[in-house]
Structure formats: C-alpha cells, structure tokens
Amino acid sequence: MTLKVIAFDADDTLFVNETYFIETEQKFCGLMSDYLSHQGISQELFKVEIDNLKIYGYGIKAYILSMIEAAMKISNNTIPIEIIEKIIEYGKELLEKPIVLLEGVEETLVALHGKYKLVVATKGDLLDQRRKLHNSGLGHYFHHIEVMADKQEKDYLDLVKRLEIQPKEFLMIGNSLKSDVLPVLAIGGHAVHVPFHTTWAYERIDHTVEHENFSSFEKMTDILKRLQ
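Computed from a predicted structure; not experimentally measured.

(A) Focus on the packing of helix α2 (residues 38–56) against helix α3 (residues 60–74). It is the contact of α2 with α3, at a shortest axis distance of 9 Å, that shows an interaxial angle of 130°. Taken together, the axes of α2 and α3 are oblique relative to one another. Relative to α3, the crossing made by α2 is right-handed. Taken together, the residues of α3 that come into contact with α2 (itself represented by Ile41, Glu44, Leu45, Val48, Glu49, Asn52 and Tyr56) are Ala62, Tyr63, Leu65, Ser66, Met67, Glu69, Ala70, Lys73 and Ile74. For the contact of α2 with α3, the residue count by class is 10 nonpolar, two polar and four charged.

Written out as structure tokens, the structure is:
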C-alpha cells in the first residue's frame, strides 16, 4: 500500500456510542409499555428511524424526533404531553453521556500520528460529533474532521477529492462493514474492520467480505502490525 490518509469512524470505533442508544431504547420501550410489547415498540421505532433518515439524517437529534413520532403512532396520537417531555429528557441525557474511549484507540493514534495524515470520517449531527471529539481529547491527532451526511461511494469520492488524494491512497477504519468498508472498497480504497460488540440493525450486512484491500482485526492496535 502507498497510503497517505488514514480515516477513522468515530462512534463505536473511537468511543462508545451504540450502547447508549440501546439503553435509551430500553427506557423508551418501558415508557410506552402500556401500548405495545417491547418488541413491537422497538420495531415501530426502527421503522420510523429508517423512514426519517432521508429527512433528518443521523444522530441524536434525529433519534429524539423519531422517538416522538413513534410514540404518536403507537398511541394513535393519544400520547400525553408528559411522555413527550420524558422522551426529550431521554434525548438530552444521550447528548450528555460521557465519552468513553475504546481500548487501544489512543495508543494507535500516537503510533500513526506524524506518519500519515489522520482524519475522522463519521456520520451524524455536526455539532454533536464535534462536541464528542473535543471532549474525547483526541482532536489534536487529526488533520481533518469530516461529518458526512451519508457514507455511500459518492460521499467517499467527494472526501478523497477534498483531501487531494487518490482512492488507493486512502484507508478507512471503522466498525460498520456497510458504511466503513464496502463503499470504500468499491471506489478502490483500503478498509479495515474493527468490530464493536453491538451494531445498529441498519448497519448490519448478511454476507462476508472478501477483498484484497480489506482486513479485519479484533483490536484497534492490531492495525499497527499491518501499517508498520
């Protein structure tokens, strides 16, 4: 490989994220348990989330709006204002969750910093993602922070163009095969999968990935064996 840029996903690659959403969903299901089973509530919330992606995009604020909409649908628009207030409270709690770095992240960044141009390439709300990165203490390792509306092939092509490199000079590291790996491989880049113990249903795929530019490691620091 002739790499110039190494990009890292943020949520569940650099620091904990999905765990907090799961906790919030459980509280939401408990809040709405008079109307439907927990499974039914989860299914309705997921459907609303996916339908809203094209309008709201990704992130906690979009999730709050989707919870409110799901609550209205589940209750047939009879939900009391106190429940809406509680949902907003859950959303604000999500925004204030502590930043917990994943194992080996900072060690890896220290080893790669100065040898490659390091960037963050993540989806979500711009304000929230910048806040989390700032609070993580990792911001000084990165040359560039890209909060992407989505992670499709075109989005990555736009990113490498802004970085003034060729796709073959780009390596993406992330926990999602769907968003961090497949589109990068499709444009001729390199990708590394570092799985997190839980993955949002929307980010899962039902097949294995085999490609000469692809690697998967259980730990973030294992990447260093490939790059050094």
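(B) Structural detail: the pattern of salt bridges. What the rule picks out here adds up to 16 salt bridges. Taking the shortest distance from any N to any O, the salt bridge between Lys97 and Glu23 comes out at 3.7 Å. Of this pair, Lys97 sits in the loop between α4 (81–95) and α5 (105–112) while Glu23 sits in helix α1 (residues 18–31), and the two are 74 residues apart along the sequence. Between Lys73 and Glu69 there is a salt bridge, and its shortest N-O distance comes to 3.5 Å. Taken together, the residues Lys73 and Glu69, both in helix α3 and four residues apart, mark about one turn of the helix. Exposure remark for Lys73: the relative accessible area of 43% places this residue in the partly exposed category. Glu69 gets classed as partly exposed once you look at its relative accessible area, which sits at 26%. Each of Asp11, Asp128, Arg131 and Lys132 takes part in one network of salt bridges that share partners.

What counts as what
- Residues numbered from 1 in each chain as written.
- Predicted model: local features only at pLDDT ≥ 70, side-chain atom pairs only at ≥ 80, totals over all residues.
- Heavy atoms only, no water.
- Axes fitted to C-alpha atoms, helices over the stretch in contact; angles between N-to-C directions.
- Helix = DSSP H or I, 4+ residues; strand = E, 2+ residues; numbered from the N terminus.
- Parallel < 35°, antiparallel > 145°, perpendicular 65-115°, else oblique.
- Left-handed = near helix turned anticlockwise from the far one by under 90°.
- Contact = heavy atoms within 4.5 Å.
- Nonpolar A, V, L, I, M, F, W, Y, C, P; charged D, E, K, R; others polar.
- Salt bridge = Lys/Arg side-chain N within 4 Å of Asp/Glu carboxyl O.
- Buried < 20%, exposed > 50% of the residue type's maximum accessible area, 1.4 Å probe, protein only.

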